Amino acid sequence: MADEPLHYGEDYHFIHATSAASGLGVSVLPDLYCHTIQIVNICLVGRPDDHAFVLVDAGMPGSADDIVSVVEDRFGSGSRPQAIVLTHGHFDHVGAIVELVKHWNVPVYAHPAELPYLTGKASYPEPDASVEGGFIAKISPFFPNEPIQLDNRVQPLPADGTVPHLPEFRWIHTPGHTPGHISLFRPRDAALIAGDAFVTVRQDSLYKVLTQQIEISGPPRYYTIDWRAARESVRKLAALFPSVAITGHGAPVAGKELREGLTKLARDFDRIATPDYGKYVH
Ligand SMILES: [Zn+2]
Ligand SMILES: [Zn+2]
């Protein structure tokens, strides 16, 4: 049975967390759809009238039925993506992936440096509950951290920067938040799927998570293990001058708000994003 090796980590469990955007979706572009599962975004790339599409990231634990419904609402009943591309392997981005891979029987792609966390070989460093950053950091030790096992269903992204089934996109290595974190960029219209390289809601404010108030911010603090690399990744993305961005958390942003917010974040990263204290700061 080819499916049997696939499983979550032993500490996998549903997380009670929500936001004002949970259950809502927005068509950012005709072929770019962002949908919020509790506190995290998934992204569907492809036009509804064209049956070829790709899912980027796989939501929260327990959200597989929701994700299948979102996909079928947009692309028709029985439709399935050609692939799932992961920006990284944190629990809130792979929460439904085992059920989805079994249901759709599709390949998963991730950066080679992220594969140990997706194939049962390595756990991410423990989230830093001591980091400057409030309530979410304090509860972060309760987040699932054991690696999931996707076995041979997860494949490395091609080394040449291309993205399987998304010929117009390029993947960009944006480490810092995790070692193999990637973002997806389309040069034609400068559309960006940033994952957690930067986010548009401050994850260190429970109030802002709940209300989803837009604020272009660095990667979620309790999980980010290399702040220097995270800064370089934000600068790399800012230099692309994206016209629109879907991030892992928070509402999509575009135009002047994105340009100004991202430029400021890149310039003042240490002041805006890097915590003053925490175990991964130095
Ligand atoms: Zn993350
Ligand atoms: Zn995240």
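Residues numbered from 1 in each chain as written. Chains lettered and ligands numbered in written order. Predicted model: local features only at pLDDT ≥ 70, side-chain atom pairs only at ≥ 80, totals over all residues. Heavy atoms only, no water.

Labelled according to an unreviewed UniProt entry, the protein chain appears under the name Metallo-beta-lactamase, originating from Geobacillus thermoleovorans CCB_US3_UF5.

Draft legend 1. Fine view of the packing of helix H6 (residues 227-238) against helix H7 (residues 255-267). Direction vectors running N to C along H6 and H7 enclose 145°, while the axes themselves pass 9 Å from each other. The interaxial crossing formed by H6 with H7 has left-handed handedness. Each of Val-234, Arg-235, Leu-237 and Ala-238 in H6 lies in contact with H7, whose residues at this interface are Leu-262, Leu-265, Ala-266 and Arg-267. Class assignment of the residues belonging to the contact of H6 with H7 gives a composition of 6 nonpolar, no polar and 2 charged. (Axes fitted to C-alpha atoms, helices over the stretch in contact; angles between N-to-C directions. Helix = DSSP H or I, 4+ residues; strand = E, 2+ residues; numbered from the N terminus. Left-handed = near helix turned anticlockwise from the far one by under 90°. Contact = heavy atoms within 4.5 Å. Nonpolar A, V, L, I, M, F, W, Y, C, P; charged D, E, K, R; others polar.)

Draft legend 2. Local environment of the coordination of the zinc ion (ligand 2). Protein-derived ligands of the zinc ion (ligand 2) are Asp-92 (OD), His-93 (NE2), Asp-196 (OD) and His-249 (NE2), with the metal-ligand distances lying across 2.1 to 2.6 Å. Read in sequence order, the donor residues for the zinc ion (ligand 2) give the motif D-H-x102-D-x52-H. Between the zinc ion (ligand 2) and the zinc ion (ligand 1) the interatomic distance amounts to 3.3 Å, and Asp-196 serves as a bridging ligand to the pair. Residue His-93 is located in the loop between strand E5 (83-85) and helix H2 (97-104), and its partner Asp-196 is located in the loop between strand E10 (191-195) and helix H5 (206-211); the two are separated by 103 residues in the primary sequence. Each member of the pair, His-93 together with Asp-196, is buried. (Donors = N, O, S within 2.8 Å, 3.2 Å for Na, K, Ca; no water. Buried < 20%, exposed > 50% of the residue type's maximum accessible area, 1.4 Å probe, protein only.)

Draft legend 3. Molecular detail of unusual backbone geometry. Within the chain, Asp-57 stands out as a residue other than glycine whose phi angle is a positive 70°. Position of Asp-57 relative to the elements: it lies in the loop between strand E4 (54-56) and helix H1 (64-75). With phi around 50°, Phe-241 is a residue other than glycine that occupies positive phi space. Within the secondary structure, Phe-241 sits in the loop between H6 and strand E11 (244-247).

Draft legend 4. Just the nonpolar core, in detail. The biggest cluster of nonpolar side chains holds 43 residues, and the ones touching the most others in it are Ile-84, Ile-97, Leu-100, Trp-104 and Leu-118. Of all elements in the fold, only strand E2 (32-37), strand E3 (40-45), H1, H2, strand E6 (108-110), helix H3 (115-118) and helix H4 (134-139) reach the threshold of two or more residues within this core. When residues of this core are assigned to their parent elements, the largest contribution, 6 residues, is made by H1. (Core = buried A, V, L, I, M, F, W, Y, C linked by side-chain atoms within 4.5 Å.)

Draft legend 5. A look at the pattern of salt bridges. Within the structure shown, the criterion is met by 11 salt bridges. Between Asp-270 and Arg-231 there is a salt bridge, and its shortest N-O distance comes to 2.9 Å. Residue Asp-270 is located in helix H8 (residues 269-272), and its partner Arg-231 is located in helix H6; the two are separated by 39 residues in the primary sequence. Overall, Asp-270 belongs to the partly exposed group, its relative accessible area being 43%. Here Asp-268 ties to Arg-267 by a salt bridge, and the two come within 4.0 Å at their closest N and O atoms. (Salt bridge = Lys/Arg side-chain N within 4 Å of Asp/Glu carboxyl O.)

Draft legend 6. Representation of the sheet that holds E2. One open sheet accounts for 7 strands, arranged E1-E2-E3-E4-E5-E6-E7; its pairing is mixed. The outermost strands of the open sheet, each flanked by one partner alone, are strand E1 (25-29) and strand E7 (154-156). When strand polarity is set aside, the average angle formed by the axes of neighbouring strands in this sheet is 25°. The sheet contact formed by E2 and E3 spans 6 bridges and is antiparallel. (Pairing = 2+ DSSP bridges.)

Draft legend 7. Up close: H6. With 12 residues, H6 should cover 16 Å at 1.5 Å per step; its first-to-last C-alpha distance of 16 Å lies within 8% of that length. Buried residues in H6 make contact with strand E8 (170-173), strand E9 (182-186), E10, H7 and H8. Among the residues of H6, the N-terminal cap falls to Asp-226, whose side-chain oxygen and the backbone nitrogen of Arg-228 are separated by 3.2 Å. (Expected span 1.5 Å × (residues − 1). Polar contact = N/O pair within 3.5 Å; in protein donor to acceptor, adjacent residues only side chain to side chain.)

Draft legend 8. Representation of the coordination of the zinc ion (ligand 1). Distances from the zinc ion (ligand 1) to its protein donors, His-88 (NE2), His-90 (ND1), His-177 (NE2) and Asp-196 (OD), fall at 2.1 to 2.3 Å. Here the zinc ion (ligand 1) binds 4 donor atoms, and the angle range of 89 to 177° at the metal identifies the geometry as irregular. (Tetrahedral: all angles 85-135°; square planar, octahedral: opposite > 155°, others 65-115°.)

Draft legend 9. Structural context of the packing of aromatic side chains. The final tally for this structure, using the stated rule, is 8 aromatic pairs. For the pair Tyr-8 and Tyr-12, a centre-to-centre distance of 3.7 Å together with 10° between the ring planes defines the contact as stacked. Joined through ring pairs, the aromatic side chains of Phe-91, Phe-143, Tyr-222 and Tyr-223 make up one cluster. (Phe/Tyr/Trp six-rings, centres within 6.5 Å; stacked < 30°, edge-to-face > 60°.)

Draft legend 10. Focus on the sheet that holds E9. Spatially, E8-E9-E10-E11-E12 is the arrangement adopted by the 5 strands of the open sheet, whose pairing is mixed. At either end of the open sheet lies a strand with only one pairing partner, and these are E8 and strand E12 (253-254). Across 2 bridges, the pairing between E11 and E12 is antiparallel. Within E12, the residue paired with Val-244 across the bridge is Ala-254. The sheet strands contacting H6 are E8, E9 and E10, and the helix crosses E8 at an angle near 150°.

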